[in-house]
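# Survey of secondary and tertiary structure
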Amino acid sequence: MRVWVDITDSSHVLFFAPVVRRLEDQGHIVTLTARRFASAELTMRRLGLVAMLTGQHRGGGAGTRAVGLVNRTAQLLASASSGRFDVAAGSHASDFVLTAWALGVPQLTLLDDERLRRTNAVNVRLVDRVAVPDVIPVGTLRALGASPDKLFRFPGFKEEYY
């Protein structure tokens, strides 16, 4: 199986590193993309992970974030369209969600309790599955558009898994 994993933050490196290693040990081909932000590049290098670096965190207001979204989505489309992925996984980054959706790649997004925002209301409607800590009330997830059949609930927080 060809798996695409997108990393947008150094904490995602720590979460996905053992997942990537397990998938590779099982013979799957894993392609990593990563955004330049929060020392993600350094953390990946430290853990021996290699990723195609795309975009950077824009921060600031809505205008600069929109530019960042368009730029990184375009970069991801250019890099990911050459591969035929069976599945994609990431942590609710809008650019990644839009790219995988546009390419028709089934995807899983991970939500955490700290970052439930309006952008997730678009993202959870576009993804196939949503992995989320069981401490987040189902009503909150429904308000974002996550139907119960999309949810994969896990105990604790994703930070506990690494």
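An account of the accompanying structure is given in this report. (Residues numbered from 1 in each chain as written. Predicted model: local features only at pLDDT ≥ 70, side-chain atom pairs only at ≥ 80, totals over all residues. Heavy atoms only, no water.)

### A word on the environment of glycine 145
- Within the secondary structure layout, glycine 145 lies in the loop between helix H6 (138-144) and strand E7 (151-154).
- Between the C-alpha atom of glycine 145 and that of histidine 12, which follows or precedes it by 133 residues, the distance is 23 Å.
- Not counting residues up to four positions away in its chain, the partners in contact with glycine 145 are Val124 and Arg125. (Helix = DSSP H or I, 4+ residues; strand = E, 2+ residues; numbered from the N terminus. Contact = heavy atoms within 4.5 Å.)

### As for the nonpolar core
- The biggest cluster of nonpolar side chains holds 21 residues, and the ones touching the most others in it are Trp4, Phe96, Val130, Val132 and Leu141.
- Where this core is concerned, the elements lending two or more residues are helix H3 (62-80), helix H4 (94-103), helix H5 (118-126), strand E6 (129-133) and H6.
- Per-element tally for this core: the top contributor is H4, with three residues.
- Once you skip the residues sitting within four places of it in the chain, leucine 141 turns out to touch Leu111, Val132, Ile136, Ala146, Leu151 and Arg153.
- Judged by nonpolar contacts, the second largest core, of 20 residues, contains Phe15, Ala34, Met44 and Ala51. (Core = buried A, V, L, I, M, F, W, Y, C linked by side-chain atoms within 4.5 Å. Buried < 20%, exposed > 50% of the residue type's maximum accessible area, 1.4 Å probe, protein only.)

### Focus on the pairing of E6
- Among the five residues that make up E6, four are buried, leaving the element largely enclosed by the rest of the structure.
- The pairing of strand E5 (residues 107-110) with E6 spans three bridges and is classified as parallel. Considered in E6, the bridge of leucine 110 is made with alanine 131.
- Crossover handedness for the path E6 to H6 to E7: right-handed. (Pairing = 2+ DSSP bridges. Right-handed = clockwise from strand over helix to strand, strands pointing away.)

### Things to note about the pattern of salt bridges
- Per the stated rule, a full pass over the model turns up two salt bridges.
- For aspartate 6, the salt bridge is made with arginine 72, and the minimal N-O distance between the two is 2.5 Å. Taken together, the residues span a long stretch of sequence, with aspartate 6 in strand E1 (residues 2-7) and arginine 72 in helix H3 at a distance of 66 residues. As far as burial versus exposure is concerned, aspartate 6 and arginine 72 are alike and both buried.
- For aspartate 95, the salt bridge is made with arginine 72, and the minimal N-O distance between the two is 3.0 Å. Linking aspartate 95 in helix H4 with arginine 72 in helix H3, this pair joins segments that are 23 residues apart in sequence.
- What you see here is one network of salt bridges that share partners, running through Asp6, Arg72 and Asp95. (Salt bridge = Lys/Arg side-chain N within 4 Å of Asp/Glu carboxyl O.)

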